[in-house]
Amino acid sequence: MAYRLGEWSTAREFSNRGLELDGQDVRLLFWRSNLEYELGNFSAGDMYTDRILETIRQAPSGRPQLEHSIIALTVGAAAHITGQTSRLEIASSAANLILSVPASREPRNAQFSRSGLALIAVRLGDVSAAKEQYSFLESLPITRSPLHLIDGDRVLGLLAQTIGDLDAAVNHFDASLAFCRKAVVRPELAWGCYKCADVLLVRGKTGDIEKARSLLYESLGISGDLDMGPLSARAQALQEQTNAQPGR
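All of these numbers come straight from a predicted model, not from anything done at the bench.

Engineer: Quick rundown of the nonpolar core? Include the residues and the values.
Structural biologist: Ranked by size, the top nonpolar core spans 73 residues in total, and within it Ile52, Leu149 and Leu159 carry the most contacts. A total of 10 residues in this core trace back to one element, the largest contributor, which is helix 11 (residues 186–203). Once residues lying within four places of it in the same chain are set aside, the contact partners of isoleucine 52 are Val26, Leu29, Phe30, Glu67, Ile70, Ile71 and Thr74.

Take a look at the structure:
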């Protein structure tokens, strides 16, 4: 919960306490790696991600476990933040291993895996894979559990943007922003503002540029306040691009 509020020091304190008790708990490693990536500590994030991979290697062979779905989502989210493409093949293999098990037996793991594959498809610009994951995830209730890293509508918005359906992307991002403002999920709100602005600039309908400017101002305010360096850099670059375009 501290992570979702952007209270990084508190989140790191709880993470440290948990990892002292069990340094191989993939849930703790998952949240900690993403925390470090958000703050621009990529080497630390990679270290925690590698610890998840090591846990998978040490696990008994047989039916895929939570670790496989966790690594898919971890690597997909990391690629979204850092722009890196390392480990994507490993993450995709782990996700597909989870999906080889009937979803009815492991619904949570299947959804985590699908979300991971969705973020990987977005990072690679794979339209075919994005369509597949969009079709599946759109049929499910929107995931807004505190235990889910990324708001479900933002994932759908990213997929719709990759597919080229910009109107659907804006609708998904708007729904995500409405939820995040109501629930005060600050890091997620900052990312949603940035990505919605990105789509609006491409769509270019009447009022889109003005709305994009407002959203970027909000994203920069939150990301700057929370020291989210990677997002701040992207939002700043997009804001400069936006300011160079005339309003309608």
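Engineer: For the pattern of salt bridges, give the residues involved together with the corresponding values.
Structural biologist: This structure, assessed with the given rule, holds 15 salt bridges. Across the pair aspartate 46 and arginine 87 runs a salt bridge, and its minimum N-O distance is 3.4 Å. Pair noted here: aspartate 46 is in helix 4 (residues 42–58) and arginine 87 is in the loop between helix 5 (66–82) and helix 6 (88–99), with a separation of 41 residues, a long-range link. Residues aspartate 46 and arginine 87 agree in their burial class; the two are buried. It is possible to trace a salt-bridge network through shared partners that takes in Asp167, Arg203, Lys205 and Asp208.

Engineer: Account for the side chain of histidine 68, naming residues and giving values.
Structural biologist: Tracing the backbone through its elements, the reader meets histidine 68 in helix 5. Those residues in contact with histidine 68 that sit more than four places away from it in its chain are Ile56, Ala94, Ala95, Leu97 and Ile98.

Engineer: Could you give an account of the packing of helix 7 (residues 107–124) against helix 8 (residues 127–138), naming the residues involved and the relevant values?
Structural biologist: Viewed as axis vectors pointing N to C, helix 7 and helix 8 meet at an angle of 145°, and their least axial separation amounts to 9 Å. Like other packed secondary-structure pairs, helix 7 and helix 8 cross with a definite hand, here left-handed. Contacts between helix 7 and helix 8 pair Arg114, Ser115, Leu117, Ala118 and Ala121 from the former with Ala129, Ala130, Glu132, Gln133, Phe136 and Leu137 from the latter.

Engineer: An account of the confidence of the model for the protein chain is requested, with residue identities and associated values reported.
Structural biologist: Looking at the protein chain as a whole, its pLDDT mean stands at 90, while 92% of the residues score no less than 70. At the low end of the mean pLDDT range in the protein chain sits helix 7, at 88; at the high end sits helix 2 (residues 8–21), at 97.

Engineer: Can you lay out the layout of surface pockets for me, pointing to particular residues and giving the numbers?
Structural biologist: Its volume calculated, the second largest pocket comes out at about 190 Å³. What lines the second largest pocket is simply Ala79, His80, Gly83, Val122, Arg123, Gly125, Leu158, Gln161, Thr162, Lys195 and Arg234. For the lining of the second largest pocket, the elements supplying multiple residues, two or more each, are helix 5, helix 7 and helix 9 (152–163). Per element, the largest residue contribution to the lining of the second largest pocket is three residues, and it comes from helix 9. Of the residues belonging to the lining of the second largest pocket, the class tally is three nonpolar, five polar and three charged.

Engineer: Mind laying out the side chain of aspartate 198, listing which residues take part and the relevant values?
Structural biologist: Along the chain, the position of aspartate 198 falls in helix 11. The class of aspartate 198 is buried, set by a relative accessible area of 18%. Among residues more than four places away in sequence, those in contact with aspartate 198 are Gln161 and Leu238.

Engineer: Which residues make up empty space enclosed by the protein, and what are the values?
Structural biologist: Over the atoms, a rolled probe matching the size of one water molecule traces out where space is still vacant. As enumerated under the stated definition, the model contains four cavities of 30 Å³ or more in all. One number sums up the size of the largest cavity: a volume of about 120 Å³. What lines the largest cavity is a set of 14 residues, among which Tyr3, Glu38, Leu149, Arg154 and Glu188 lie closest to the centre. Secondary structure elements with two or more residues in the lining of the largest cavity: helix 1 (2–5), helix 3 (26–38), helix 5 and helix 11. A per-class count over the lining of the largest cavity returns eight nonpolar, two polar and four charged.

Engineer: Tell me about helix 7, and name the residues and values.
Structural biologist: Every α-helical turn comprises 3.6 residues, leaving residues that sit three or four positions apart pointing alike. The terminal C-alpha atoms of helix 7, which comprises 18 residues, lie 26 Å apart, in line with the 26 Å expected from a rise of 1.5 Å per residue. With 13 of 18 residues buried, helix 7 lies mostly within the body of the structure. Among the residues trailing helix 7, glycine 125 stands out with phi positive, at a value near 65°.

Engineer: Outline the environment of isoleucine 56, supporting the account with residue identities and numerical values.
Structural biologist: Here isoleucine 56 is to be found in helix 4. For the pair formed by isoleucine 56 and leucine 66, sequence separation is 10 residues and the distance between their alpha carbons is 9.4 Å. Leaving out residues up to four positions away in the same chain, isoleucine 56 has contacts with Glu67, His68 and Ile71.

Engineer: Describe the environment of aspartate 153, and please don't skip the residues or the numbers.
Structural biologist: Among the structural elements, aspartate 153 can be located in helix 9. When its relative accessible area of 7% is taken as the criterion, aspartate 153 is described as buried. Sequence separation between aspartate 153 and glutamate 67 is 86 residues; the distance between their C-alpha atoms is 24 Å.

Cut-offs applied
Residues numbered from 1 in each chain as written. Predicted model: local features only at pLDDT ≥ 70, side-chain atom pairs only at ≥ 80, totals over all residues. Heavy atoms only, no water. Core = buried A, V, L, I, M, F, W, Y, C linked by side-chain atoms within 4.5 Å. Buried < 20%, exposed > 50% of the residue type's maximum accessible area, 1.4 Å probe, protein only. Helix = DSSP H or I, 4+ residues; strand = E, 2+ residues; numbered from the N terminus. Contact = heavy atoms within 4.5 Å. Salt bridge = Lys/Arg side-chain N within 4 Å of Asp/Glu carboxyl O. Axes fitted to C-alpha atoms, helices over the stretch in contact; angles between N-to-C directions. Left-handed = near helix turned anticlockwise from the far one by under 90°. pLDDT = per-residue confidence, 0-100. 1 Å grid on protein atoms, 1.4 Å probe; cavity = no way out; pocket = protein on both sides within 12 Å on 5 of 7 lines; lining within 4 Å. Points joined across faces, edges and corners; volume = space filled by probe spheres on them. Nonpolar A, V, L, I, M, F, W, Y, C, P; charged D, E, K, R; others polar. Expected span 1.5 Å × (residues − 1).

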